[in-house]
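Structural features, examined
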Amino acid sequence: MFRRTFWFSTGVAAGVWATTKVNRKLKQLTPESLAATAANKALETGQRLKDRAVGFALDVRDNMAQREAELEDALGIQDNPELPAPRRYTAIENNRSNPKYVDNQTYSYNRNEDH
């Protein structure tokens, strides 16, 4: 009798365990759960790619600065060279007080005159 009770309870426990496992797997295979899993994996992959791209960009920037310094040393370029003083030239001198009117010149509106 104890033997039958033992095997009966063992069978019930195995059935409950198997049913629980199957129900969990069915819940994982629903369309909503699959979509959520795919979205999470896509976000993780995107984050990893972003981290790698940022790391690559920082490496490129560091190496670029190092190479620039090497080239400046090789060419003898200073960091802060003295710039020449700015030159200021007047493009057009305007000595007349009223620039609208031009003295001693007449203008013709005939366009054929120039040819």
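Predicted model, so just to flag it, every value in this text is computed and none were measured. (Residues numbered from 1 in each chain as written. Predicted model: local features only at pLDDT ≥ 70, side-chain atom pairs only at ≥ 80, totals over all residues. Heavy atoms only, no water.)

1. Quick look at the overall build of the protein chain
To keep things clear, this is the line we draw: Put simply, DSSP H or I for four residues or longer makes a helix, DSSP E for two residues or longer makes a strand, and each gets a number counted from the N terminus. Exposure is judged per residue with a 1.4 Å probe applied to protein chains only, and the accessible area is read against the type maximum: over 50% gives exposed, under 20% gives buried, and values in between give partly exposed. Computed by Shrake-Rupley with a 1.4 Å probe, the accessible areas treat only the displayed protein chains as cover when residues are assessed.
Within the protein chain one finds two helices and zero strands. Residues classed as buried in the protein chain amount to 0% of the 115 residues present. In the structure as shown, the protein chain presents an accessible area of about 12200 Å², 57% of it carried by carbon and sulfur atoms.

2. Notes on the packing of aromatic side chains
Keep this limit in mind: Each Phe, Tyr or Trp ring (for Trp, its six-membered ring) is paired with any other whose centre lies within 6.5 Å, and the angle between the two planes then decides the class: stacked below 30 degrees, edge-to-face above 60, tilted in between.
Counting across every chain of the model gives one aromatic pair. Measuring from centroid to centroid gives 5.0 Å for Phe-6 and Trp-7, while their planes differ by 70°, and the two rings are edge-to-face.

3. Quick look at helix H2 (residues 31-75)
Note the threshold: A helix's residues, less one, multiplied by 1.5 Å, set its expected span.
The first and last C-alpha atoms of H2 sit 64 Å apart over 45 residues, in line with the 66 Å expected at 1.5 Å per residue. Just beyond H2, the residue with positive phi is Gly-76, at close to 75°.

4. As for a nonpolar patch on the surface
For clarity, the cut-off: Like charges are joined within 9 Å and nonpolar side chains (Val, Leu, Ile, Met, Phe, Trp, Tyr) within 5 Å, but only among residues with over 30% relative accessible area and no salt bridge; these make up the patches. Any Lys or Arg side-chain nitrogen located within 4 Å of an Asp or Glu carboxyl oxygen qualifies as a salt bridge.
Nonpolar side chains collect at one region of the surface, where Phe-8, Val-12 and Val-16 lie side by side and expose about 310 Å² of accessible area between them. For Phe-8, the position within the fold is in helix H1 (residues 2-28). Phe-8 sits in the exposed class, given a relative accessible area of 60%.

5. Observations regarding the pattern of salt bridges
Counted by the stated rule, this structure contains one salt bridge. Taking the shortest distance from any N to any O, the salt bridge between Glu-70 and Arg-67 comes out at 3.2 Å. Here Glu-70 pairs with Arg-67, and both are found in helix H2, just three residues apart, close to one helical turn. Taking relative accessible area as the criterion, Glu-70 reaches 37% and is therefore assigned partly exposed. Assessed through its relative accessible area of 46%, Arg-67 is described here as partly exposed.

6. Remarks on a positive patch on the surface
The following threshold applies: Only four residue types enter the charge count: Lys and Arg as positive, Asp and Glu as negative, with His and the chain ends excluded. Each charge is placed at NZ for Lys, CZ for Arg, CG for Asp and CD for Glu.
A cluster of basic residues, Lys-21, Arg-24, Lys-25 and Lys-27, forms a positive patch at the surface. Within the fold, Lys-27 resides in helix H1.

The analysis is restricted to geometry; functional conclusions fall outside its scope.
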